[in-house]
Amino acid sequence: MPRKPQIAIIGMGTFGLETAKSLMDQGIPVCAVDTDENVIERIKDLVTSAIVLDSTQEDALKEAELDTMDLVVVAIGVGRVEASIMTVSLLKQLGVKTIIGRATSDLHGRILKQVGATNVVNPERDMGERVARRIAQPDLQDIITLKDGTRIARMPAPKNFIGHTLQELDVRRKYNLMVLGVERPENKEALERKAKLRQHNAYGWTDDEGGKDCRVIMNPDPSHEKILEGDSLLVMGSREAVDILAEALDE
């Protein structure tokens, strides 16, 4: 059983708190950080730990051991652009491998990337729940949740699927999932790119270019189309069913 990632979220505004609660709902421990003592007091029972901290101070980050985190979300809000940039820069200098920065504009996002953000999100486009799912299950990409709770997701094919047809794997019966399509790299460069993304970090998250130079085989022939190395599956089913197949990626 893989260990759970160590995650901190700096900035407990609406976006930061929504991300924190969504992660906690998925069983991922969260260290919440904010400069406002009243905010921390209000949300302390909703997270694993809560700290009053000025993240623009390097010594404070070290003292709180935020430099040991697997992933840090810098969710500092509007009006504190300078603080968000400085925080991302300090975390990068301290060696945090994966830093997700909240951007309030395209320019802000570009600057965050330049100073060390692994990935940049915009709350108007990336709701906290979706960000939390990406953190909790980095191999699950392009997740769409329909009104009835059904999920459509893209994920790397588990290693034990390679060389077998969908009929042999019996995915529908064993996992209660429908395979809508297979995404396949068209060349060696695309295959290497997808492999590199998976190796990035066990709890990492990079801008996903895994689908670049790939073709999608929709409604693959279950008796003839074999799963190849580098393939990703487009699957549809319940949240529980998708999560079970995602767990197979760690085996």
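What counts, and at which threshold
- Residue numbers restart at each chain and count upward from 1, following the sequence in its written direction.
- Owing to the predicted nature of the model, reporting of local features is limited to residues with pLDDT of at least 70; listing and counting of side-chain atom pairs is limited to 80 or more, with chain, interface and lining totals taken over all residues.
- Remark: hydrogens and water are excluded; side-chain values derive from all non-hydrogen atoms of the structure.
- We treat two strands as partners when DSSP finds at least two bridges between them.
- Put simply, DSSP marks the helices as runs of H or I at least four residues long and the strands as runs of E at least two long, and each gets a number from the N terminus on.
- Think of each axis as a best-fit line through the C-alpha atoms, taken over the contacting stretch in the case of a helix, with angles from 0 to 180 degrees between the N-to-C directions.
- Contacts: residue pairs with any heavy atoms within 4.5 Å of one another.
- Take the number of residues in a helix, subtract one, and multiply by 1.5 Å to get its expected span.
- Think of it in three bands: with a 1.4 Å probe and only protein chains considered, a residue is buried below 20% of the maximum accessible area for its type, exposed above 50%, and partly exposed in between.
- For salt bridges, the criterion is a side-chain nitrogen of Lys or Arg within 4 Å of an Asp or Glu carboxyl oxygen.
- Here the angle decides the label: under 35 degrees means roughly parallel, over 145 means roughly antiparallel, 65 to 115 means roughly perpendicular, and every other value means oblique.
- Crossing handedness: left-handed means the near helix sits turned counterclockwise from the far one by under a right angle, and right-handed means the same turn made clockwise.
- Under the scheme applied, nonpolar residues are Ala, Val, Leu, Ile, Met, Phe, Trp, Tyr, Cys and Pro; charged residues are Asp, Glu, Lys and Arg; polar residues are all the others, including Gly.

**Student:** Hey, could you run me through the sheet that holds strand β1 (residues 7-10) in this one?
**Tutor:** Neighbouring strands of a sheet are bound in pairs by backbone hydrogen bonds; such pairs are parallel or else antiparallel. With parallel pairing, six strands are arranged side by side in an open sheet as β3-β2-β1-β4-β5-β6. A single partner strand is all that each edge strand has here, and the edge strands are β3 (49-52) and β6 (119-121). Here the average twist between neighbouring strands, direction ignored, is 20°. With four bridges connecting them, β1 and strand β4 (residues 71-74) associate as parallel partners. If you follow Ile7 over to β4, its bridge partner there is Leu71. Contacts between helix α4 (residues 81-93) and the sheet are confined to β1, β4 and β5 (98-102), with β4 contributing the most and set at about 170° to the helix.

**Student:** I would appreciate a short explanation of helix α1 (residues 14-25) in the present structure.
**Tutor:** Working note: α-helix, 3.6 residues per turn, so residues spaced by three or four point in the same direction. For α1, which comprises twelve residues, the first-to-last C-alpha distance of 16 Å matches the rise-based estimate of 16 Å (1.5 Å per residue) to within 8%. Within α1, the full set of buried residues consists of Phe15, Gly16, Leu17, Thr19, Ala20, Ser22 and Leu23. Of the residues trailing α1, Gly27 is marked for its positive phi of about 80°.

**Student:** What should I look at first to understand the pattern of salt bridges in this one?
**Tutor:** Side chains that carry opposite charge are capable of pairing whenever their charged atoms lie near each other. Following the criterion strictly, the structure yields eight salt bridges and no others. Salt-bridge contacts for Asp243 lead to Arg151; the nearest nitrogen and oxygen are separated by 3.4 Å. Taken together, the residues Asp243 in helix α10 (residues 239-247) and Arg151 in strand β8 (residues 151-156) connect sequence positions 92 residues apart. No difference in accessibility class separates Asp243 from Arg151, as the two residues are buried. Taking the shortest distance from any N to any O, the salt bridge between Glu183 and Arg154 comes out at 3.3 Å. Within this pair, whereas Glu183 is found in strand β9 (residues 178-185), its partner Arg154 is found in strand β8, the two being separated by 29 residues in sequence. With a relative accessible area of 6%, Arg154 lands in the buried category. In this structure, a network of salt bridges that share partners links the residues Arg151, Arg239 and Asp243.

**Student:** Where do I start with α10 in this structure?
**Tutor:** Residues of α10 that are buried: Ala241, Val242, Asp243, Leu245 and Ala246. Tucked into the core, α10 has its buried residues touching β8, α8 (171-175) and β11 (232-237).

**Student:** Which parts of the structure should I look at to understand the environment of Thr104?
**Tutor:** Here Thr104 shows up in the loop between β5 and α5 (106-115). Excluding residues within four positions of it along the chain, Thr104 makes contact with Val78 and Val81.

**Student:** How should I be thinking about the packing of α4 against α5 in this particular structure?
**Tutor:** Angle between the axes and distance between the axes: these two values describe a pair of packed helices. Put simply, α4 and α5 touch, their axes get as near as 8 Å, and they point 20° apart. The orientation of α4 with respect to α5, classified from their angle, is roughly parallel. Read as a crossing pair, α4 and α5 show a hand that is right-handed. Seen from α4, the contacting residues are Val81, Ser84, Ile85, Val88, Ser89 and Lys92; seen from α5, they are His108, Ile111, Leu112 and Val115. For the contact of α4 with α5, the residue count by class is six nonpolar, three polar and one charged.

**Student:** Is there a simple way to explain unusual backbone geometry in this structure?
**Tutor:** The phi angle of most residues is negative, glycine excepted, and most peptide bonds adopt the trans form. The phi dihedral of Asn176 is positive, around 55°, even though this residue is not glycine. With respect to the helices and strands, Asn176 occurs in the loop between α8 and β9. You will see that Asn219, though not glycine, has its phi angle at about 50°, which is positive. The residue Asn219 is located in the loop between β10 (214-218) and β11 in this model.

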